[in-house]
Amino acid sequence: MDLNRLSKVEVDLLIDRLKNPMNLLSYGEINVKLSAMFNSINITEAVIDDGDVEYFLHVYRGKYDMTRFSFHLRFKDNHEHLVRVDINPTGKHVNPDGSVITDSHMHIYNPESSKKDSFAIPLNPKEFPNIETIIEAYMSFEQYINLE
């Protein structure tokens, strides 16, 4: 599988594959840090799927705006995002086709774009039912990317 030229079918397959943290002890720190009320969060953790593709899982929240945060899963080999979720972004996101997203949204690897994560789509409330807190949003993200 060429991670630089994924098809839509391959992207869906990779999202659905079961993924596991490579270091359970440091991965456990993510939940501890997510529970901290007033600290910034900037965590990157190695993850591998059941087909041996390696990723970096990244969680970010600044220390001044606790309602704004993001999660992403990117390939270790080329650092392209497979999935990125942005909660309460500042401003608007303008897609390459001119469409505008103003609320929380998701970027999924798009094989038709030179910048693979340039398109944003609104979050599906069935997949992300509660994004009010970083903990609840992160739990939905884990479920979406099939991380155990």
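Residues numbered from 1 in each chain as written. Predicted model: local features only at pLDDT ≥ 70, side-chain atom pairs only at ≥ 80, totals over all residues. Heavy atoms only, no water.

## A few points about the sheet that holds strand β2 (residues 41-49)
Pairing within the open sheet is antiparallel, and its seven strands lie in the order β1-β2-β3-β4-β5-β8-β9. In the strand order of this sheet, the two ends are held by β1 (19-21) and β9 (121-122), each with one partner. The pairing of strand β4 (residues 69-75) with strand β5 (residues 81-87) spans six bridges and is classified as antiparallel. Residue R74 lies in a different strand from β5, and its bridge partner there is H81. Relative to the sheet, helix α1 (residues 8-16) contacts β1, β2, β3 (54-61), β4, β5 and β8 (105-108), its axis offset from that of β5 by approximately 70 degrees. (Pairing = 2+ DSSP bridges. Helix = DSSP H or I, 4+ residues; strand = E, 2+ residues; numbered from the N terminus. Contact = heavy atoms within 4.5 Å. Axes fitted to C-alpha atoms, helices over the stretch in contact; angles between N-to-C directions.)

## Thoughts on the nonpolar core
Within the largest apolar cluster, 35 residues are counted, with the highest numbers of intra-cluster contacts made by L57 and L82. When residues of this core are traced back to their parent elements, those giving at least two are α1, α2 (24-35), β2, β3, β4, β5 and α3 (134-145). Here this core takes six residues from α3, the largest share from any one element. (Core = buried A, V, L, I, M, F, W, Y, C linked by side-chain atoms within 4.5 Å. Buried < 20%, exposed > 50% of the residue type's maximum accessible area, 1.4 Å probe, protein only.)

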